[in-house]
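Structural overview
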Amino acid sequence: MRLDKYLKVSRLIKRRTVANEACDNARISVNGKPAKASYDVKIGDWIQIQFGAHTVTVEVLAVAEAVRKDDASAMYREITE
């Protein structure tokens, strides 16, 4: 699944266009490297998202095309550093 779609489906970012822009502006990195929106997300990847001064790091636990809102948080595990 594409990175921008994963961010939207998992509800880490609300809109796919916003996720796409975040990738274009190098605010998203996967496994420590800046990632494009077309990056293919796999289970076990570490995604780091910069929201201004705040950074969120998550580990991908599942990849699914369609997920209910209640189950979206089960797709990733937030990493605290």
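Above: the structure in question.
Residues numbered from 1 in each chain as written. Predicted model: local features only at pLDDT ≥ 70, side-chain atom pairs only at ≥ 80, totals over all residues. Heavy atoms only, no water.

Now for the pattern of salt bridges. Side chains bearing opposite charge may pair, as long as their charged atoms lie close to each other. According to the stated counting rule, one finds six salt bridges in the structure shown. With its nearest N and O atoms 3.1 Å apart, the salt bridge here joins Asp4 to Arg2. The buried category is assigned to Asp4, whose relative accessible area is 1%. Residue class for Arg2 comes out partly exposed when judged on its relative accessible area of 35%. One salt bridge in this structure joins Arg68 and Asp70, with 3.5 Å as the shortest N-O distance. (Salt bridge = Lys/Arg side-chain N within 4 Å of Asp/Glu carboxyl O. Buried < 20%, exposed > 50% of the residue type's maximum accessible area, 1.4 Å probe, protein only.)

With that out of the way, let us pick up the pairing of strand β3 (residues 46-51). Relative to β3, strand β1 (residues 28-30) is paired through three bridges, and the arrangement is antiparallel. Bridging from a neighbouring strand, Val30 pairs with Ile47 of β3. Counting the residues in the hairpin turn of β3 and strand β4 (residues 54-60) gives two residues, including Gly52, whose phi is positive at 65 degrees. (Pairing = 2+ DSSP bridges. Helix = DSSP H or I, 4+ residues; strand = E, 2+ residues; numbered from the N terminus.)

This part covers the environment of Ser29. Of note, Ser29 is situated in strand β1. For Ser29, a relative accessible area of 13% gives the class buried. Here the alpha-carbon distance between Ser29 and Trp46, two residues 17 residues apart in the chain, equals 8.2 Å. Not counting chain neighbours up to four residues away, the residues in contact with Ser29 comprise Pro34, Ala35, Trp46, Ile47 and Gln48. (Contact = heavy atoms within 4.5 Å.)

Every buried residue of helix α2 (residues 16-24) is accounted for by Ala19, Ala22 and Cys23. Down the axis of α2, the buried set is contained in an arc of 100 degrees. They therefore lie on one face. Of the residues in α2, the exposed ones pointing more than 90 degrees away from the buried face are Thr17 and Asp24. Among the structural elements, α1 (3-9) and β1 are those in contact with the buried residues of α2. Of the residues trailing α2, Ala26 is marked for its positive phi of about 60 degrees. (Arc of directions from axis to C-beta.)

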